[in-house]
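# A closer look at the structure
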Amino acid sequence: MFRFRKQLPAVSRALASRQARAQGTKSGTWVEGGSKLDTSLVHSAVSPEPKTGAILTPLFLSTTFVQDSVEEYLAKGFSYSRTNNPTTSALEAKLADLENGYGACAFGTGMAATTSAISATMKTGDHCVISDCSYGGTNRSCREFFTPLGMEFDFVDFRDPENVKKAMRPNTKLIFSETPANPVLSLTDIEAISKIAKDAGAKHVVDATFATPVICRPLDHGADMVIQSLTKYYEGHNIMTGGAVISKDKEMAEKVKWVQNVHGNIINPFAAYIILQTSKTMGIRVRQQSKNAQAIADFLESHPKVTKVVYPGLASHPQKALADKYHRDGLHGGMLWFDIVGGADAGKKLMNVCQRPWSLCENLGATESIITACAVMTHANMLKEDRLKVGITDGFIRVSCGIEDSDDLIRALKVALDQI
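This structure is a prediction, so every number in the text was calculated from the model and none was measured.

## A short note on the overall build of the protein
From N to C terminus, the protein includes 15 helices and 12 strands. Overall, the C-alpha framework of the protein stretches about 70 × 50 × 35 Å when taken along its three principal axes. Each of the 420 residues in the protein was classed as buried or not, and the buried ones make up 55%. Within the protein, contacts between residues at least 6 apart in sequence are counted, and of these 72% link residues at least 24 apart. When the accessible surface of the protein is split by element, carbon and sulfur atoms take 54% of a total near 18,000 Å².

Written out as structure tokens, the structure reads:
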């Protein structure tokens, strides 16, 4: 019932190349040598539709799939779209390839992916060591949904792996990290934490939404699973919601797929179709967003009314060495945050007066640049004392840089800061 279409583009394309060399090259066959990431973003898991030659994967808006006979049930691979759908399966194959995993499961939202990863690895009586700073919905789900079911969670500062090691118990089944962490942009040493998990017989899942595979692939550094909120950089246009869990091995992939089928939280085919298209430009977008974020961080760091700026690309980031270790090609993402003189009240005023092209709203990773008041939006569901402990004050200003011209974005920030 559960199928994974793991892509092996290098192998399949090498075979096609050998055949082409024997007969001369042919249109539609792949050039020898494999593909780099930007090419995989466009072409992975996507082939021209056999009957018509359509260059895009078709959108299959069908609940059910007709079987040829009882004996040949599932011979074509599909029965009911809650379990598998051709469009959704194509997206899942693409995700597995881009993240370098065995298999992927795509969900309706990022939170559906998060709760499914926990459900696939924990049961009553099990323990999880989780970052003390993560997306607010993740924090709430652990405290208010899973804890009443008899699961235990310790919220720990992951900046020092020793904190994680000390929090481990005999019943620890999962370590849950987020890097860069939302919204404070602290980083996790993925290899060190993965070793702690492996030594204890636990699984390590990394929410790498802020990084994307363009910047870091946690599965390459020892993690067992990676979570992506597809709503963010994969989709990147404020159109659809989605989430994914990509697993390193078959056993973990099958467990997550079982949870997906039982919970019925698979992504819908239309959203899968849209994300198949938008993800093609993710590399281009992430590079522009990183460039904008660096320029804006440099501007803010030199502004007299700004008291603190945190961005992994700044030399002042307390974990800059770790950022340089894990973030490829000098890219550090489109997210940053800052504080200004006057504290929380001044921070709220700045967000209220900052003009377009900035938008005051939730979400991140999109083409549009966004300012978010985390204390009342994305992290309002954290306990206030926990929120303040990790530095998310009422005036905390989170910035998601889009792909606009950085000069326009900086000018709007300057006008806003001049009013403080």
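That shown, we press on.
## Digging into the pattern of salt bridges
What the rule picks out here adds up to 15 salt bridges. Measuring nitrogen to oxygen at the nearest pair gives 2.8 Å for the salt bridge that ties Asp-38 to Arg-287. In this pair, Asp-38 sits in helix H2 (residues 37-43) while Arg-287 sits in helix H11 (residues 282-301), placing the two residues 249 residues apart along the sequence. Judged by relative accessible area, Asp-38 falls into the partly exposed class, the value being 33%. Residue Arg-287 is classed as partly exposed on the basis of its relative accessible area of 35%. The salt bridge partner of Glu-152 is Arg-169, with a shortest N-O separation of 2.6 Å. Note that Glu-152 is positioned in strand S3 (residues 152-156) and Arg-169 in the loop between helix H6 (161-167) and strand S4 (172-178), a separation of 17 residues in sequence.

## Description of helix H9 (residues 250-263)
Here H9 is 14 residues long and its end C-alpha atoms lie 20 Å apart, about the 20 Å a rise of 1.5 Å per residue gives. Buried within H9 are the following residues: Met-252, Ala-253, Val-256, Lys-257, Val-259, Gln-260 and Asn-261. Where the residues of H9 are buried, they touch helix H3 (86-99), strand S1 (103-107), helix H4 (110-121), strand S5 (203-207), strand S6 (225-228) and strand S7 (243-247). N-capping of H9 is provided by Asp-249, with a side-chain oxygen placed 3.3 Å from the backbone N of Glu-251. At the exit of H9 stands Gly-264, carrying a positive phi of roughly 70 degrees.

## Quick notes on the sheet that holds S6
One key point about sheets: their strands pair by backbone hydrogen bonds, in either a parallel or an antiparallel sense. Overall, mixed pairing links the 7 strands, which are arranged S1-S7-S6-S5-S4-S2-S3 in an open sheet. Every interior strand has two partners, whereas the edge strands, S1 and S3, have only one. Going from strand to strand, the sheet's axes swing by 20 degrees on average, the running direction of each strand aside. Relative to S5, S4 runs parallel, the two being bridged by 5 bridges. By the bridge assignment, Leu-174 is partnered in S5 with Lys-203.

## Quick word on the side chain of Lys-232
Relative to the assigned elements, Lys-232 resides in the loop between S6 and S7. Engagement of the side chain of Lys-232 in a polar contact is seen with the side chain of Ser-229, the distance being 3.0 Å.

## Details of the packing of aromatic side chains
Counting across every chain of the model gives 4 aromatic pairs. Each ring, one from Phe-145 and one from Phe-146, has its centre 4.9 Å from the other, and the planes form 85 degrees; the classification is edge-to-face. Among the aromatic residues, ring-to-ring pairing joins Phe-145, Phe-146 and Phe-153 into one connected group.

## Things to note about the packing of H11 against helix H15 (residues 406-417)
One can describe the packing of H11 onto H15 by two numbers: an axis separation of 10 Å at closest approach and a directional angle of 30 degrees. The angle between H11 and H15 falls in the class roughly parallel. Where H11 crosses over H15, the two elements pack in a sense that is right-handed. Listed contacts from H15 to Asn-292, Ala-295, Ile-296, Phe-299 and Leu-300 of H11 are Ser-406, Leu-409, Ile-410, Leu-413, Lys-414 and Leu-417. For the contact of H11 with H15, a count of residues per class yields 8 nonpolar, 2 polar and 1 charged.

## A closer look at H11
Between its first and last C-alpha, H11 extends 28 Å over 20 residues, near the 28 Å set by a 1.5 Å rise per residue. On its buried face, H11 sits against H2, helix H8 (212-215), helix H10 (269-278), strand S8 (306-310), strand S9 (335-340) and H15.

Cut-offs used in this document
Residues numbered from 1 in each chain as written. Predicted model: local features only at pLDDT ≥ 70, side-chain atom pairs only at ≥ 80, totals over all residues. Heavy atoms only, no water. Helix = DSSP H or I, 4+ residues; strand = E, 2+ residues; numbered from the N terminus. Buried < 20%, exposed > 50% of the residue type's maximum accessible area, 1.4 Å probe, protein only. Contact = heavy atoms within 4.5 Å. Areas by Shrake-Rupley, 256 points an atom, 1.4 Å probe, with all protein chains shown as cover. Salt bridge = Lys/Arg side-chain N within 4 Å of Asp/Glu carboxyl O. Expected span 1.5 Å × (residues − 1). Polar contact = N/O pair within 3.5 Å; in protein donor to acceptor, adjacent residues only side chain to side chain. Pairing = 2+ DSSP bridges. Axes fitted to C-alpha atoms, helices over the stretch in contact; angles between N-to-C directions. Phe/Tyr/Trp six-rings, centres within 6.5 Å; stacked < 30°, edge-to-face > 60°. Parallel < 35°, antiparallel > 145°, perpendicular 65-115°, else oblique. Left-handed = near helix turned anticlockwise from the far one by under 90°. Nonpolar A, V, L, I, M, F, W, Y, C, P; charged D, E, K, R; others polar.

Nothing here speaks to function; it is all geometry.
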